[in-house]
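Each chain is listed here by its residues.
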Amino acid sequence: MRRIALPPRPDWTQQVERLGFAFHTIDGETYWDESAAFAFTLEEIERDIEAPSEAIEQLCFAFIEKALGSEQTLTKLAIPAEHWDYIRASWQRGERNLYGRLDLAYDGRGPAKLLEYNADTPTALFESSAVQWDWLEQAMARGVIPRGSDQFNSLHERLIAAFKALREPSPYRLHLTCVEGSAEDKGTVDYLTDCAVQAGLDARFTYIEELGLLSDGRFCDGANQPIETLFKLYPWEWMFRESYGKALAGSGCQFIEPPWKALLSNKGLLACLWEMEPGHPNLLPAFFEGDPRCATLSPRHVRKPLYSREGANVTLIERGRVLDSDDGPYGAEGHVLQDAALNLFSEDGKYAVLGSWLVASQACGLCLREDASPITKNTSRFLPHYIEP
Amino acid sequence: MKRSTQIGLGAAGVLLVATAWSLTGDDPPENLVYNSLSECQAGGQLSLQQCETAFSEAAAARIKDAPKFRSQSECEAQYGASGCNSASIGGAQYFIPALAGFMLARGFSGGQAQAQPLLPPTTASCPPGSTQPECQQARSSSSSSGGSGGTSGRSSSSSRAYSTTSGRAFSAASGAAIARAGVSSSSVSSRGGFGSFARSFSSSSSS
């Protein structure tokens, strides 16, 4: 794994905009950054990222089986008790999942370590799938990277195939939703809508604020169309606690991601996995705050709220001193403490986190986010990668 | 290969096809999609002979694989006015969608890839009167099947909508074009029960 400085395409904004990538610059700051790229060997990709990602997913499934039967675990994860049966039913029905992103620490040395699992509402998908792919083709054509390079990225075809298989019979009618006012979220959902259409689905967008409830208990879109299947880029922990949370179980709606993903998109997962498999090569020691075993953590560790997005409220601590933190609104439900990864990629004051994509639980893509601090935030830049020939 | 071989972005009207790099140093052809034989030959990326071969492969594949209709109106209902031609296949008379263009994988000159026929967009993805530029481009030139018209499939400025023989659209935003099915007879009892956390949190709802 190497970070290689490369000349950006002189017309890179036009090039990415022609694909429909509208949020390459966020709040005036560059988000899509092709002034460098990460080069991997095929062995690094297959041995250190692809295989461990699928192994972690299997471990997560084993965890869900256990957790759904344990009131103690569900309580620790701060899952509201009134939704336990709803989550159990979605798991027992075998409701399929579409996608997720494992954030990994890896610098080419030693096994990749799980930092967290964005299992419910991951973004950076379109830029991983299409924009990065197109960059690779053009970088080879320009001769700035070797011809015959490759990329860990079959996201596009996997997403289309996964949409086809999410519900029987297929094709089916699919609604997709996100909050109003976020270009990044809307861009992600627009891309998924495109994939769903290519899967032959009758795909319709509606903002989450427009959702309504019909007299028969079903949800409906802004045009009063009943919703059978809903892709929501909106976290389960919020849906459980909002006023329509009570209507979930009776809505007959199949959600994507399914309700059982609420157990995985929770930082408590990190402590639970370590409890199940202490010493697993791809896990970092982690415990719920207040657990006496926290004393066994290394002096350099990270404090993460159970529910937190994009680095918000995450604190890096060394010997009791706060080295880095990000403000945010999270933390009321509790925290986990996790050892700081020793193999987080860093070079010249820049830190990079790997995002390993799973589609229908298969590892099939990679993205890299870079920041000037060890905590990856929503201001982190997206850098492309390639596999050396 | 660890990456997708092609990516179709319907909303942007772009089809991206992975290069099969020969590693011999020859520059690959840039164009992936031609609307006519003459456009291929004028493009200079393939030899005249390669263009003819590709065109005749696509034309033959269209006869073999395109949906066949008994009447012109049935065909036009799916492919739009002037989107169909009559064809005699196995002694029987059919109407089939016009050959709107053909597509070859990059690296075609060195490889085995067969040229694929491109048909006019379906009325599901490009309904009559659509103002989508890709649809207008497609409709304005589909009547002169095989005539000159748009350019490369990589150029979004002049991109147009097509469909494949399997019915897949890879240009034009078809999501908005799908006819709405009947609206439920149930009445709406409330609205706006989700989204309150997003309003109260300044930070993102995604990660």
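Before reading further, recall that the structure is shown in the block above.
Cut-offs and rules
Residues numbered from 1 in each chain as written. Chains lettered and ligands numbered in written order. Predicted model: local features only at pLDDT ≥ 70, side-chain atom pairs only at ≥ 80, totals over all residues. Heavy atoms only, no water. Contact = heavy atoms within 4.5 Å. Buried area = accessible area lost by both parts, 1.4 Å probe. Salt bridge = Lys/Arg side-chain N within 4 Å of Asp/Glu carboxyl O. Polar contact = N/O pair within 3.5 Å; in protein donor to acceptor, adjacent residues only side chain to side chain. Helix = DSSP H or I, 4+ residues; strand = E, 2+ residues; numbered from the N terminus. Core = buried A, V, L, I, M, F, W, Y, C linked by side-chain atoms within 4.5 Å. Buried < 20%, exposed > 50% of the residue type's maximum accessible area, 1.4 Å probe, protein only. Pairing = 2+ DSSP bridges.

**Some thoughts on the interface of chain A and chain B**
Counting residues at the interface gives 78 residues for chain A, matched by 56 residues for chain B. Counting each side, the surface lost to burial between chain A and chain B is near 5300 Å², with a carbon and sulfur contribution of 53%. For the chain A face of the interface with chain B, the top three residues by lost area are Arg 18, Trp 133 and Arg 147 of chain A, together amounting to 14%. At the boundary of chain A and chain B, one finds four salt bridges. Two residues, Lys 2 of chain B and Glu 46 of chain A, come together in a salt bridge whose shortest N-O distance is 3.1 Å. Linking chain A with chain B are 29 residue pairs in polar contact (both at pLDDT 80 or more). At the level of secondary structure, the elements contributing two or more residues to the side of chain A that touches chain B comprise helix H2 (42-68), helix H5 (125-142), helix H6 (155-165), helix H7 (183-198), strand S8 (202-205), strand S9 (212-214), strand S10 (219-220) and helix H8 (236-241) of chain A.

**Details of unusual backbone geometry**
Residues and elements named next belong to chain A. Put simply, Glu 168 and Pro 169 share a cis peptide bond, and its omega is -10 degrees. Summarising the element assignment, Pro 169 is placed in the loop between H6 and strand S7 (173-177). Between Ile 256 and the following residue, Glu 257, the backbone shows a cis peptide bond with an omega angle of 0 degrees. With respect to the helices and strands, the residue Glu 257 is situated in the loop between strand S12 (254-256) and helix H9 (268-276). Despite not being glycine, Asp 27 has its phi angle at roughly 50 degrees, a positive value. Note on placement: Asp 27 falls in the loop between strand S2 (25-26) and strand S3 (29-30). Although it is not a glycine, Ala 124 sits at a positive phi angle of roughly 70 degrees. Counting through the fold element by element, Ala 124 comes out in the loop between strand S6 (113-118) and H5.

**Observations regarding the nonpolar core**
For soluble globular proteins, the rule of thumb is that nonpolar side chains tend to be buried together. Core analysis: the biggest nonpolar cluster contains 79 residues, and Phe 40, Phe 63, Phe 219 and Leu 263 of chain A have the highest contact counts within it. The dominant element in this core, judged by the number of residues it contributes, is H2 of chain A, at ten residues. Not counting the four nearest positions on each side in its chain, Leu 263 of chain A is found in contact with Phe 63, Ile 64, Ala 67, Leu 68, Leu 74, Leu 77, Ile 79, Ile 87 and Leu 269 of chain A. Listed in part, the 58 residues of the second largest apolar core include Met 140, Leu 201 and Val 359 of chain A together with Ala 18 of chain B.

**What to know about the pairing of strand S14 (residues 300-305) of chain A**
Residues and elements named next belong to chain A. In terms of strand pairing, S14 meets strand S15 (residues 315-318) through four bridges, oriented antiparallel. Following the sheet pairing, His 301 is matched in S15 by Ile 317. Relative to strand S17 (residues 335-339), S14 runs antiparallel, the two being bridged by five bridges. Bridged to Pro 305 within S17 is His 335.

So, to be careful, I would describe these as geometric facts and stop short of saying anything about function.
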